[in-house]
Every structure is written in C-alpha cells, then in structure tokens.
Amino acid sequence: MEQLNDIIFYHLDKAIKTYRQFAQKQLKKAGLDLTIDQWLVLKAIDDNRNVSQKDIATMVFKDEASVTRIIELLVKKGLLTRNLHATDRRKIDLQVNKNTKALLKKVHAITLKNRATALNGVDPVDLETTKKVLISIAANSTV
C-alpha cells in the first residue's frame with residue numbers, strides 16, 4: 001500500500017495549507033484584522049463589479065453559506081457596503097469603500113512578499129510546468 005509521502009495530492013494539500021497558515025500569520029503580524037478568506041471575498045468584489053454571491057463563492061472556492069457569513073462579518077467591520085440592487089430587488093449590491101481599497105493595497109504588498117518567500121528558489125520553468133499540471137488536474141477533476 002502506498003505511503004502518504006508517495007501521494008501527489010497529499011503534498012498539494014500540505015503546500016496549500018502551509019502557505020495559507022504562513023500568509024495568515026503575515027497578515028496578523030502586520031496588525032491587520034482580516035482572514036485570508038475575508039481578503040479573497042473583498043478582492044473578488046473589488047475586482048468584479050455587480051458580482052453575485054453565488055459567483056463569489058465559485059471564485060473563492062467556498063459554499064454560498066460561508067460566503068454569506070463572511071460578507072456579514074465584512075459589513076459589520078465596515079469593509080463592505082450592502083445595498084439593494086438598483087433595478088432588481090432580489091439582488092444585493094456589494095461595494096468596497098475607500099478604507100477597504102487602502103486595506104487591499106496593504107494586503108497586496110504583503111501578498112507579493114509572501115509569494116516571493118514561498119517561491120524562493122523555485123525555478124521559473126518548474127513553476128510554469130507546475131501551473132500547467134495543476135490546470136490539467138483541475139480540468140480532469142471537474143464534475
């Protein structure tokens with residue numbers, strides 16, 4: 001029977017979880033009261049005007065209920081504004097404010113440093129190959 005260390009998906013999961021823990025520590029070290037998941041939701045909203053919560057959930061790999069809870073927290077923190085949609089009362093219009101944009105800039109700078117640290121010593125050719133392999137795995141696993 002194969003060992004965990006022989007399974008590629010074990011290493012993939014370990015790398016993702018280790019990186020997320022590292023990235024979260026860096027946010028906390030910078031004095032930012034924000035989780036990685038909250039940042040992902042804010043970034044998705046900032047990058048995609050009039051995006052639905054369902055689309056946000058897809059973008060950040062979370063279920064809709066989790067995204068709803070994250071959005072509620074972000075509204076309470078004053079990082080998001082939630083208004084009724086101008087033309088469709090069934091929809092909610094989510095917007096970031098000036099303070100949130102400044103926060104996103106700070107997080108972006110930290111994220112660039114985090115990526116540089118995590119990818120230190122990784123050959124760019126290997127990185128490109130890894131990216132292609134991961135895209136193939138995702139495509140092969142889509143249900």
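These numbers were taken from a predicted model, which means no experiment stands behind them. (Residues numbered from 1 in each chain as written. Predicted model: local features only at pLDDT ≥ 70, side-chain atom pairs only at ≥ 80, totals over all residues. Heavy atoms only, no water.)

(A) Structural view of the overall build of the chain. Along its length, the chain carries six helices and two strands. Taken along the three principal axes of its C-alpha coordinates, the chain extends 55 × 40 × 30 Å. Every one of the 143 residues in the chain was classed for burial, and the buried ones make up 24%. Restricting the contact set of the chain to residue pairs at least 6 apart, pairs at least 24 apart contribute 46%. Just so you have it, the chain exposes about 10,600 Å², and 56% of that area is on carbon and sulfur atoms. (Helix = DSSP H or I, 4+ residues; strand = E, 2+ residues; numbered from the N terminus. Buried < 20%, exposed > 50% of the residue type's maximum accessible area, 1.4 Å probe, protein only. Contact = heavy atoms within 4.5 Å. Areas by Shrake-Rupley, 256 points an atom, 1.4 Å probe, with all protein chains shown as cover.)

(B) Representation of the layout of surface pockets in the model. There is about 1,700 Å³ of room inside the largest pocket. Within the residue set of the lining of the largest pocket, elements represented by two or more residues are helix H1 (8-29), helix H2 (36-47), helix H3 (53-60), helix H5 (98-118) and helix H6 (124-141). Considering each element in turn, the lining of the largest pocket owes the most residues, 11 residues, to H1. Residues that form the lining of the largest pocket fall into these classes: 23 nonpolar, five polar and 10 charged. Each pocket or cavity is described by its volume, and for the second largest pocket that value is around 190 Å³. Lining the second largest pocket are Asn-50, Val-51, Ser-52, Gln-53, His-85, Arg-90, Lys-91, Ile-92, Asp-93 and Leu-94. (1 Å grid on protein atoms, 1.4 Å probe; cavity = no way out; pocket = protein on both sides within 12 Å on 5 of 7 lines; lining within 4 Å. Points joined across faces, edges and corners; volume = space filled by probe spheres on them. Nonpolar A, V, L, I, M, F, W, Y, C, P; charged D, E, K, R; others polar.)

(C) The arrangement of the packing of aromatic side chains in detail. Inspection of the entire model under this criterion finds one aromatic pair. Their ring planes at 50 degrees and their centres at 6.3 Å tell us that Tyr-19 and Phe-22 sit as a pair that is tilted. Here Phe-22 and Tyr-19 lie together in helix H1, a separation of three residues that amounts to about one turn. According to the relative accessible area criterion, Phe-22 is partly exposed, its value standing at 26%. (Phe/Tyr/Trp six-rings, centres within 6.5 Å; stacked < 30°, edge-to-face > 60°.)

(D) Structural detail: H2. Relative to the 16 Å expected for 12 residues at 1.5 Å per residue, H2 spans 16 Å between its end C-alpha atoms, a close match to the ideal helical length. By the criterion of burial, H2 is predominantly enclosed, with nine of the 12 residues buried. For H2, the full list of buried residues reads Ile-36, Asp-37, Gln-38, Trp-39, Val-41, Leu-42, Ala-44, Ile-45 and Asp-46. At its buried positions, H2 is contacted by H1, H3, helix H4 (64-76), strand E1 (80-84), strand E2 (92-96) and H5. (Expected span 1.5 Å × (residues − 1).)

(E) Inspection of the side chain of Asp-37 at higher detail. For Asp-37, the location among the structural elements is in helix H2. What makes Asp-37 buried here is its relative accessible area of 18%. In this structure the side chain of Asp-37 is engaged in a polar contact, spanning 2.6 Å, whose partner is the side chain of Arg-20. At a separation of 3.1 Å, a polar atom in the side chain of Asp-37 contacts the side chain of Lys-62. Excluding residues within four positions of it along the chain, Asp-37 makes contact with Arg-20, Lys-62 and Ile-70. (Polar contact = N/O pair within 3.5 Å; in protein donor to acceptor, adjacent residues only side chain to side chain.)

(F) Local environment of the nonpolar core. One finds Leu-34, Val-41, Leu-42, Ile-45, Ile-56 and Leu-74 to be the most contacted residues of the largest nonpolar core, which totals 26 residues. Elements that contribute at least two residues to this core include exactly H1, H2, H3, H4, E2 and H5. It is H2 that contributes the most residues to this core, six residues altogether. When neighbours within four sequence positions are excluded, Leu-42 is seen to be in contact with Leu-34, Leu-74, Leu-79, Leu-80, Val-96, Thr-100 and Leu-104. (Core = buried A, V, L, I, M, F, W, Y, C linked by side-chain atoms within 4.5 Å.)

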